[in-house]
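Fold and geometry: a report
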Amino acid sequence: MSANVMRATSAVAAAVLVIAVGFPSANAITYTPPSAAFLFKEMMEKYREET
């Protein structure tokens with residue numbers, strides 16, 4: 001991967017889990033969405049702060 005791609009990826013990594021997989025002939029970036037449990041936890045924490 002180029003340095004520019006790595007810089008852009010690291011800027012986003014705080015909010016999104018990004019996995020870079022390198023092979024001798026190809027590179028791929030895959031997006032792993034947050035789990036339902038993680039989303040529910042965040043939603044409940046926000047709800048509790050509001051009440």
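Residues numbered from 1 in each chain as written. Predicted model: local features only at pLDDT ≥ 70, side-chain atom pairs only at ≥ 80, totals over all residues. Heavy atoms only, no water.

1. Focus: the overall build of the chain
Across its full length, the chain holds two helices and two strands. Secondary structure elements in the chain, listed N-terminal to C-terminal, are α-β-β-α. Total accessible area on the chain is roughly 4,500 Å²; 65% of this is exposed by carbon and sulfur atoms. (Helix = DSSP H or I, 4+ residues; strand = E, 2+ residues; numbered from the N terminus. Areas by Shrake-Rupley, 256 points an atom, 1.4 Å probe, with all protein chains shown as cover.)

2. Some words on the confidence of the model for the chain
The share of residues in the chain with pLDDT of 70 or more is 49%, and the mean pLDDT across the chain is 73. Mean pLDDT across the secondary structure elements of the chain bottoms out at strand E1 (residues 17–22), with 51, and peaks at helix H2 (residues 36–50), with 95. (pLDDT = per-residue confidence, 0-100.)

3. Some thoughts on a negative patch on the surface
Together, Glu42, Glu45, Glu49 and Glu50 give the surface a local cluster of negative charge. Here Glu49 lies in helix H2. On the accessibility criterion, Glu49 (69% relative accessible area) is exposed. (Patch = residues over 30% accessible without salt bridge, like charges linked within 9 Å, V, L, I, M, F, W, Y side chains within 5 Å. Salt bridge = Lys/Arg side-chain N within 4 Å of Asp/Glu carboxyl O. Lys, Arg positive; Asp, Glu negative; His and termini not counted. Charge placed at Lys NZ, Arg CZ, Asp CG, Glu CD. Buried < 20%, exposed > 50% of the residue type's maximum accessible area, 1.4 Å probe, protein only.)

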